[in-house]
Structures are given as structure tokens and as C-alpha cells.
Amino acid sequence: MNTKIYKRVLSLTGDLMTAAQEQNQKRFDGYYSELKKLCEENENTDKDHPVQWETLADFTDDLALAITIYEQALVKAEAINSKDFCSSIGFSIASLKVELGDKTGAIAHLEKAKISCNKIIDKELKAEIHNLLEELKSS
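Everything in this summary refers to the structure shown in the same document.

### As for the overall build of the protein
- Within the protein, the secondary structure is distributed over seven helices and zero strands.
- Of the regular secondary structure in the protein, the N- to C-terminal order runs α-α-α-α-α-α-α.
- Against the 2.2 N^0.38 benchmark of 14 Å for 139 residues, the protein shows a C-alpha radius of gyration of 15 Å, consistent with a compact globule.
- Dimensions of the protein along its principal axes, counting C-alpha atoms only, are 45 × 35 × 25 Å.
- Across the 139 residues of the protein, 42% fall into the buried class.
- Contacts spanning at least 24 positions in sequence make up 51% of the contacts within the protein whose residues lie at least 6 apart.
- Looking at the protein as shown, the accessible area adds up to about 8100 Å², and 51% of this sits on carbon and sulfur atoms.

In C-alpha cells:
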């Protein structure tokens, strides 16, 4: 990933978090628009990367829209064969699908995320994927 873009995404993430903590919707919306613009400008270029789309989805309040953005990020993660991003994005999609009452969709994404997470270092994410999948399958 382009270091300049990664630093910009990281900076915007901090700005979004601060605006959210301060409950400053106007500032939040401004930073969100900047991040969305960055994603759109880089889309389908050599600067396009799942991290910017995943971050955009993370800060999207509309759950259905967030899933759509996460799915876009997942396509990009699969294209670069990033097991870390495939795992985290798949888990995020599944979590939102649970919130929306789509148990079948959540399980499908968790099963794919579980395969991806076999090759990652993040033990906490692996456990979260495994635990949510087991919980959904047993309920």
C-alpha cells in the first residue's frame, strides 16, 4: 500500500474518532467526506487498497450501506490475497449481518473468514471468528 495514503487514512481515522468522542457531527461528516473522496479517487488505481474501504465502512452508521462498503473492501482484499483483510472484513460483515438478523449470511461470511484466518497471526481475531461462528451454529 502507498505509505502516503496509509498515513492519510490513519490520520482521518484519528480525526473521525475524536469528532465522534466529542459528538461533533459536523466535523465527523467533514472527515467522513474526505475519507470517502480519497476512496473514490483511488478506486481502480494502483493506490486502491482494502484498508481505506474497510475504514470507510467502519465509520458508516447505515448498517446496510456499511455491509456494501465492506463487501467492496473484501473484493479488493481477495484481489491482493490478503488473509488479514479478508478475515477482518469478513468478521465485520458477519457482525453486521447478525445485527440485521441475517444469521445465514453471517455464518457464510464467518466460514470464509475462518478459512482466511488460518494464515494470520492475530489470535484474538481468530478467536472472535471461531466463537461467533460456533455461537450462531449452535443457536
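The structure having been displayed, the exposition proceeds.
### Looking at a negative patch on the surface
- Negative charge collects at one region of the surface, where Asp84, Asp122, Glu124 and Glu128 lie side by side.
- Within the secondary structure layout, Glu124 lies in helix H7 (residues 123-138).

### Focus: the packing of aromatic side chains
- With the rule as written, the count across this model stands at two aromatic pairs.
- With a centroid separation of 6.4 Å and an interplanar angle of 15 degrees, the aromatic rings of Phe28 and Tyr32 are classed as stacked. Separated by four residues within a single helix, Phe28 and Tyr32 lie in helix H2 (residues 25-42), roughly one turn from each other.
- Residue Phe28 is classed as buried on the basis of its relative accessible area of 10%.
- Judged by relative accessible area, which is 16%, Tyr32 ranks as buried.
- Each residue in the set Phe28, Tyr32 and Phe59 is aromatic and connected to the rest through ring pairs, giving one cluster.

### Thoughts on the state of the cysteines
- Summed over all chains, the structure comprises zero disulfides.
- The structure places no disulfide on Cys39, whose sulfur is separated from the nearest cysteine sulfur, that of Cys86, by 17 Å.
- A relative accessible area of 0% means that Cys39 is categorised as buried.
- Free of any disulfide, Cys117 has its nearest cysteine sulfur in Cys86, 11 Å distant.

### Side note on the nonpolar core
- Ranked by size, the top nonpolar core spans 28 residues in total, and within it Leu16, Tyr32, Leu35, Leu56, Tyr70 and Ile89 carry the most contacts.
- Elements represented by at least two residues in this core include exactly helix H1 (3-21), H2, helix H3 (50-58), helix H4 (63-79) and helix H5 (83-99).
- In terms of residues, this core owes the most to one element, H4, which gives seven residues.
- If near-sequence neighbours (up to four positions away) are discounted, Leu16 is found in contact with Phe28, Tyr31, Tyr32, Leu35 and Phe59.
- Ranked by size, the runner-up nonpolar core spans 13 residues in total, among them Ala94, Ala106, Leu110 and Leu133.

Calculation notes
Throughout, a residue's number is its position along its own chain's written sequence, starting from 1. Thresholds applied to this predicted model are a pLDDT of at least 70 for local features of residues and 80 or more for the giving and counting of side-chain atom pairs; totals over whole chains, interfaces and linings are not thresholded and use all residues. The basis for the side-chain values is all heavy atoms of the structure; hydrogens and waters are excluded. The helix count covers DSSP runs of H or I at least four residues long, the strand count covers runs of E at least two residues long, and both are numbered beginning at the N terminus. Only the C-alpha atoms count toward the radius of gyration. The rule for a globule is 2.2 Å times the residue count to the power 0.38. Relative accessibility under 20% of the residue-type maximum defines a buried residue, over 50% an exposed one, and the middle range a partly exposed one, all with a 1.4 Å probe and only protein chains included. Contacts were defined at the residue level, with two residues in contact if any of their heavy atoms lie within 4.5 Å. A 1.4 Å probe and the Shrake-Rupley method give the accessible areas. Residues count as covered only by the protein chains that appear here. Exposure above 30% relative accessible area and the lack of any salt bridge qualify a residue for a patch; like charges then connect within 9 Å, and the nonpolar side chains Val, Leu, Ile, Met, Phe, Trp and Tyr within 5 Å. Counted as salt bridges are all cases of a side-chain nitrogen of Lys or Arg within 4 Å of a carboxyl oxygen of Asp or Glu. Under the counting rule used here, the positive set is Lys and Arg, the negative set is Asp and Glu, and His together with the chain ends is not counted. A charge is said to be at NZ when it belongs to Lys, at CZ for Arg, at CG for Asp and at CD for Glu. Stacked, tilted and edge-to-face are the three classes assigned to paired rings of Phe, Tyr and Trp, where Trp is represented by its six-membered ring and a pair needs centres within 6.5 Å; plane angles under 30 degrees give stacked, over 60 edge-to-face, the rest tilted. To count as a disulfide, a pair of cysteine sulfur atoms needs to be within 2.5 Å. Residues belong to a common nonpolar core when they are buried Ala, Val, Leu, Ile, Met, Phe, Trp, Tyr or Cys residues joined through side-chain atoms within 4.5 Å.

All quantities given are derived from atomic positions and should not be read as evidence of function.
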